[in-house]
Amino acid sequence: MKDLLRELPSVDEILKDNDIKKLFSIIKRENIIYAVRKAINFYRDLILKGDVIKFNNKDIINKAIKYISKEKQFKLRRVVNGTGIVIHTNLGRAPLPKNMSNKLIDVSTHYSTLEYDIEAGSRGSRYSHVEELLCILTGAEAALVVNNNAAAVLLALSTIAKGKEVIVSRGQLVEIGGSFRVPDVMSQSGAILKEVGTTNKTHDYDYINAINENTALILKVHTSNYKIIGFTYEVKLEKIVEIARKYNLPTMEDLGSGVLVDLTKYGLSYEPTVQSSIKSGIDIVTFSGDKLLGGPQAGIILGKRKYIEMMKKNPLTRALRVDKMCLSALEYILKIYRDDDPQKNVPVLAMLTLDKEELYKRAENLRNISGDIKNLDVKIAEIESMAGGGSLPGLAIPSYGIAITIRNMTANELEEKLRINEIPIITRIIQDKVIIDVRTLFDDDYIIIHDAIKNISEEVT
Ligand SMILES: *Cc1c(COP(=O)(O)O)cnc(C)c1O
């Protein structure tokens, strides 16, 4: 091993290679040195692990060139989502409507009205662009937008319940993928969690018995990513509001997903709408911008003016504030809800509500364009998609896709090759076959999939 380590070339030695030298006219010197050093370290690690017994400088040079071409690519870039999971948290949650791009570019590459009131000719509020829209759409008195829903919950709790008790049902102590946990956000905000009831049942009297002079708020958390079924009971929102009013306490609901349209209209399972929460008389509602709403990452806070004004004055609001890109995208999405057909124009809703015939047609199309590829077996597959993003738990939505196999290649190998494609194609493996669900594909994904499969299948001997 020591001998092998001694054989590792120096950076300078590699830089003298002709293939590397050629790159100096097109790539910055420090970037080439960085890649060469990374390649040498890669081989050093292999030697230390005992994984390599022989190598020459050419191996290291090739590795360095690979790193250099990879560095030219953006790390955050587009992928093809073949998983059928519509709100895929790892793949960027809600894709925004394509037509939005002109507005985003216009606002972000020029100066804008971000905090400027055109009519008054003086300073305006960045929240004004969406506040009225949010109120019109939901019936709320006032609105505020922050970085994400976790921030919205944190801000609301810290404003209203710092140092005081917040009553929550034990059945609603949610953890959302990643690191959002109700008890942790609660302690971060300085509020004291007062758990009531049991995991499966919480009654009116549980809330009533927990109220004391140190109570600041009753919180309901929508269990957006799980369902408790069987011997269960939870107090209806209207009833929680009624109890709280009797004791002069404010109420808040963390809705998680926040839908503005009744999903049962499209045959999906019932998800409480933001409007219905507001109608219950609740004081504060929070939800995400990039789950079922289908907009940019944001945390939307709606409710009674009194509480929203208190939150606007909290110094945390400045720390959690959204930028012009987010506000621009959110305004665009909300305008679709107000003026247009959201089912058609908000991609998340369009994908979730695609009907089976349309999905079948798209799967046929995907199968047919792959017809000329050798070594390939492709069949239409009847599968199930999911909403994802912790939305619509337990709901498997019937869908179609294609099942692909390439001669002499395992499903795992094929899945990997598609994944490391120049535009990565993310798939699922079901029963030893690579599956591409058409529900989450855009029109321009089809040709990318075709070309990738063709290239991969041509490598096979
Ligand atoms: C998703 C979710 C959150 C966190 O929202 P982000 O926008 O991801 O920060 C909080 N509460 C509930 C109930 C959720 O479903």
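What counts as what
Residues numbered from 1 in each chain as written. Predicted model: local features only at pLDDT ≥ 70, side-chain atom pairs only at ≥ 80, totals over all residues. Heavy atoms only, no water. Phe/Tyr/Trp six-rings, centres within 6.5 Å; stacked < 30°, edge-to-face > 60°. Helix = DSSP H or I, 4+ residues; strand = E, 2+ residues; numbered from the N terminus. Buried < 20%, exposed > 50% of the residue type's maximum accessible area, 1.4 Å probe, protein only. Lys NZ or Arg CZ within 6 Å of the ring centre and 35° of its normal. Axes fitted to C-alpha atoms, helices over the stretch in contact; angles between N-to-C directions. Parallel < 35°, antiparallel > 145°, perpendicular 65-115°, else oblique. Left-handed = near helix turned anticlockwise from the far one by under 90°. Contact = heavy atoms within 4.5 Å. Nonpolar A, V, L, I, M, F, W, Y, C, P; charged D, E, K, R; others polar. Near = heavy atom within 4 Å. Areas by Shrake-Rupley, 256 points an atom, 1.4 Å probe, with all protein chains shown as cover. Core = buried A, V, L, I, M, F, W, Y, C linked by side-chain atoms within 4.5 Å. Domains from an automatic or database assignment. Pairing = 2+ DSSP bridges. Right-handed = clockwise from strand over helix to strand, strands pointing away. Disulfide = S-S within 2.5 Å. Salt bridge = Lys/Arg side-chain N within 4 Å of Asp/Glu carboxyl O. Arc of directions from axis to C-beta.

## Digging into the packing of aromatic side chains
Step number 1: Under the criterion given, the structure shown has three aromatic pairs.
Step number 2: Measuring from centroid to centroid gives 5.7 Å for Tyr-43 and Phe-55, while their planes differ by 35°, and the two rings are tilted. One end of the pair, Tyr-43, is in helix α4 (residues 29–49); the other, Phe-55, is in the loop between α4 and α5 (57–72), and 12 residues separate them in sequence. As far as burial versus exposure is concerned, Tyr-43 and Phe-55 are alike and both buried.
Step number 3: Here Lys-38 stacks its cationic end above the ring of Tyr-67, 4.7 Å away from the centre of that ring.
Step number 4: Taking the ring centre of Phe-42 as reference, the NZ or CZ of Lys-63 above it sits at 4.1 Å.

## Some remarks on the packing of helix α8 (residues 149–161) against helix α9 (residues 182–189)
Any two packed helices are characterised by the angle at which their axes cross and by the distance between the axes.
Step number 1: Packing of α8 against α9 leaves a shortest axis separation of 8 Å and a crossing angle of 45°. Compared by their axis directions, α8 and α9 come out oblique. Pair α8 / α9 crosses with right-handed handedness. Taken together, the residues of α9 that come into contact with α8 (itself represented by Ala-150, Val-153, Leu-154, Leu-157 and Ser-158) are Val-185, Met-186, Gln-188 and Ser-189.
Step number 2: Residue composition of the contact of α8 with α9, grouped by class: six nonpolar, three polar and no charged.

## Digging into the site of the ligand
Step number 1: By nearness alone, every residue bordering the ligand is listed as Arg-93, Asn-148, Asn-149, Ala-150, Ile-176, Phe-180, His-222, Ser-224, Asp-254, Gly-256, Ser-288 and Lys-291.
Step number 2: Relative to its unbound accessible area of 380 Å², the ligand is 94% covered by the protein chains.
Step number 3: Of the residues that constitute the shell around the ligand, the class distribution is three nonpolar, six polar and three charged.

## Things to note about the nonpolar core
Step number 1: Among the nonpolar cores identified, the biggest contains 82 residues, and Val-166, Ile-301, Leu-302, Met-311 and Tyr-337 are the most heavily contacted of them.
Step number 2: The element that contributes the greatest number of residues to this core is α8, accounting for nine residues.
Step number 3: In terms of domain composition, this core takes at least three residues from each of domain 2 (80–89 + 351–459) and domain 3 (126–343).
Step number 4: The next biggest cluster of nonpolar side chains, apart from the first, holds 28 residues, and it includes Tyr-400, Ile-406, Val-438 and Ile-453.

## Remarks on the pairing of strand β11 (residues 284–288)
Step number 1: Counting buried residues in β11 gives five out of five residues, a clear majority hidden from the surface.
Step number 2: Side-chain alternation along β11 places Ile-284, Thr-286 and Ser-288 on one buried face and Val-285 and Phe-287 on a second face that is also buried.
Step number 3: The pairing of strand β10 (residues 251–256) with β11 spans four bridges and is classified as parallel. Across the sheet, the residue bridging to Asp-254 is Thr-286, located in β11.
Step number 4: What joins β10 to β11 is helix α12 (residues 274–279), and the crossover it makes is right-handed.
Step number 5: In this sheet, strand β12 (residues 299–303) lies alongside β11 in antiparallel orientation, the contact comprising five bridges. Note on β12: the bridge partner recorded for Thr-286 is Ile-301.

## Things to note about the domain arrangement of the chain
In many reports, interface size means the accessible area that the parts give up when they come together.
Step number 1: Assigned domains of the chain: these are domain 1 (2–71), domain 2 (80–89 + 351–459) and domain 3 (126–343).
Step number 2: Placing the centre of domain 1 and that of domain 3 at their C-alpha centroids yields a distance of 53 Å.

## Quick look at the environment of Leu-302
Step number 1: Looking at the secondary structure, you find Leu-302 in strand β12.
Step number 2: Distance from Leu-302 to Glu-415, taken between C-alpha atoms, is 43 Å for residues 113 residues apart in sequence.
Step number 3: Here Leu-302 is in contact with Leu-134, Thr-138, Ala-140, Ala-142, Ala-143, Val-274, Ile-278, Asp-283, Ile-284, Val-285, Phe-287 and Ile-308, once residues within four sequence places are set aside.

## Some words on the sheet that holds strand β13 (residues 376–388)
Step number 1: With respect to topology, four strands assemble into an open sheet ordered β13-β14-β17-β16, the strand pairing being antiparallel. Both outer strands of the open sheet, β13 and β16 (428–430), are each paired with one neighbouring strand and no more. Averaged over all adjacent pairs, the angle separating strand axes in this sheet is 40°, with direction ignored.
Step number 2: Sheet topology places β16 next to strand β17 (residues 433–437); three bridges connect them, and they run antiparallel. Within β17, the position partnered with Ile-429 by the bridge is Val-434.
Step number 3: With respect to the sheet, helix α20 (residues 445–459) is in contact with β13, β14 (391–406) and β17, its orientation differing from that of β14 by roughly 45°.

## Some points on the sheet that holds strand β5 (residues 165–169)
Step number 1: If you walk across this open sheet you meet the seven strands as β4-β12-β11-β10-β9-β5-β8, and the pairing is mixed. Across the chains shown, the open sheet's two edge strands, defined by having one partner strand only, are β4 (142–146) and β8 (192–196). Strand-to-strand twist across the sheet, computed as the mean angle between neighbouring axes with direction ignored, equals 25°.
Step number 2: Of the strand pairs in this sheet, β4 and β12 are connected by five bridges, and their pairing is antiparallel. Of the residues in β12, the one forming a bridge with Ala-142 is Gly-303.

## Observations concerning the state of the cysteines
Step number 1: Overall, the coordinates contain zero disulfides when judged by the stated rule.
Step number 2: Just so you know, Cys-135 is unpaired, no disulfide at all, and the nearest cysteine sulfur is the one on Cys-326, 17 Å from it.
Step number 3: Judged by relative accessible area, Cys-135 falls into the buried class, the value being 16%.
Step number 4: What makes Cys-326 buried here is its relative accessible area of 8%.

## Describing the pattern of salt bridges
Step number 1: Following the criterion strictly, the structure yields 30 salt bridges and no others.
Step number 2: Ionic pairing is found between Asp-437 and Arg-428, a salt bridge with its closest N-O pair at 3.6 Å.
Step number 3: Overall, the relative accessible area of 0% leaves Asp-437 in the buried class.

## Focus: helix α11 (residues 237–246)
Step number 1: All buried positions along α11 are accounted for by Leu-237, Ile-240, Val-241, Ile-243 and Ala-244. Projection of α11 onto a plane perpendicular to its axis shows the buried side chains occupying an angular sector of 165°, all on one side. With respect to the buried face of α11, the exposed residues turned more than 90 degrees away are Arg-245 and Lys-246.
Step number 2: Among the structural elements, α10 (204–210), β9 (215–221), β10 and α12 are those in contact with the buried residues of α11.
Step number 3: Looking one or two residues past α11, Asn-248 carries a phi angle of roughly 60°, positive in sign.

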